[in-house]
Amino acid sequence: MDPNGTLFFPGQSYTIASDVDALFYFVLYLPIFFFILVTGGSFFFAWKYRRKGKDTFTPGIANHTGLEIFWTVIPTILVFIIFVWGFKTYLTMNVPPSNAMEIKVTGQKWFWSFNYKDGASTTNELVVPVNEPVNLLMSSKDVIHSFFIPGFRVKMDVLPNRYTTLWFEATETGEFDLFCTEYCGKGHSEMIGKVKVVTEDEYNKWLTSNSGGSDLPPEQWGAELFKGKACFSCHIIDGNPSVGPTFKGIFGREEKLTNGSTIKVDENYIRKSILEPQAEVVVGFQPIMPTYQGVLKDDEIDALIAYLKTVK
Ligand SMILES: [Cu+2]
């Protein structure tokens, strides 16, 4: 659990979090107060005006205009307070400041990818500078996902064929949880990531070092991409099939395809499997591999191929 959190919330790490929490507590405790008042009152009056003897009767109760106005006006005022307060917070959350920097977010089964300006990209890890408004432009490649950062109190559906946006301004550095909160299939529970909030300096350094390729040898870079690009959520390398075929001994292996042909796994086949997964489907598997078109760059695909050659 977050050490700065409370029973209901994790720590407040976004400019809007205290507003959201205050409103939540208001809407929580106000009804608790009235619940006690009304049920307590009911019991008290039931006891006070109980039948006290055989021939005693409770006096007839006529209406009381003052009381009726009182219990109409007070709740109306309270509802108005909640409305105005909630609407103001809603507007703040929904209208990104014009100077917000934009990051493209793509949800697909079952990972998130982030594209920054200058061509940098990450998977399942969103890197943002502290104290700067960030606007996320989000869409999905397959089904509906939902992007949720509890520490920032922001959540927004991510849809295919349409953009949604979400903005925040992180107020402290550190790592924060990121979840998909729309059930999106078998790997939904693994669709988790981190938001890494760093200082402005660190962010700019990180951006320049991530815009180009990698300094690692291709096999090692490929091994990192295998984890970083979430291939492992469907492919494992210990010889057992998972959602997709095992990668153990994949290179040079003969594979039966659903179109009836047999193919020997080579560089071109792997590249095609990554970019157009539905074009050639291995017998015994569902055609559910997401396309990595636009997610993986050419040199990253090269690195993955180099890595797959080493998985024996
Ligand atoms: Cu999802």
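Quick caveat: nothing in here was measured; it's all calculated off a predicted structure. (Residues numbered from 1 in each chain as written. Predicted model: local features only at pLDDT ≥ 70, side-chain atom pairs only at ≥ 80, totals over all residues.)

## A look at the overall build of the protein chain
What counts, and what does not: Only runs of H or I of at least four residues qualify as helices and only runs of E of at least two qualify as strands under DSSP, and these elements are numbered from the N terminus. Here the globule rule is a power law, 2.2 Å times the number of residues to the power 0.38, and the radius of gyration is based on C-alpha atoms. Between the buried cut of 20 or more and the exposed cut of 12 or fewer other C-beta atoms within 10 Å of a residue's own C-beta lies the partly exposed class, and all C-beta atoms are placed from the backbone. Our contact criterion uses C-beta atoms placed from the backbone: two residues qualify when those atoms are within 7 Å.
Broken down by element type, the protein chain carries six helices and twelve strands. Over its C-alpha atoms the protein chain spans a radius of gyration of 28 Å, topping by over 25% the 20 Å that the globule rule assigns to 312 residues. Here the C-alpha coordinates of the protein chain stretch approximately 100 × 50 × 35 Å along the principal axes. Relative to its full complement of 312 residues, the protein chain shows a buried share of 23%. Within the protein chain, counting contacts between residues at least 6 apart in sequence, those at least 24 apart form 64% of the total.

## Regarding helix H2 (residues 65-94)
What counts, and what does not: Each helix should span, by expectation, one fewer than its residue count multiplied by 1.5 Å.
Along its 30 residues, H2 runs 43 Å from first to last C-alpha, staying within 8% of the 44 Å computed at 1.5 Å per residue. Counting buried positions along H2 gives zero out of 30 residues, so the element sits mostly on the surface.

## Describing the sheet that holds strand S7 (residues 154-158)
Our working definition: Strands were regarded as paired on the criterion that DSSP finds at least two bridges between them. Note on definitions: angles span 0 to 180 degrees between N-to-C directions of axes, and those axes are lines fitted to C-alpha atoms, for helices only across the stretch in contact.
If you trace the five strands from one edge of the open sheet to the other, you get S4-S10-S9-S6-S7, paired in mixed fashion. The open sheet terminates on both sides in strands that have one partner only, identified here as strand S4 (125-129) and S7. The mean angle between the axes of side-by-side strands here comes to 20°, regardless of whether they run parallel or antiparallel. One ladder, built from five bridges, connects strand S6 (residues 145-149) with S7; its direction is antiparallel.

## Here's the deal with the sheet that holds strand S2 (residues 111-115)
Strand order in this open sheet of five strands is S3-S2-S1-S5-S8, and the pairing throughout is mixed. Looking at the sheet topology across the chains shown, the edges are occupied by strand S3 (121-123) and strand S8 (164-168). On average, each strand axis in the sheet is tilted by 25° relative to the strand beside it, whichever way the strands run. Pairing of S2 with S3, which is carried by three bridges, proceeds in the antiparallel orientation. Across the sheet, the residue bridging to Ser113 is Thr123, located in S3.

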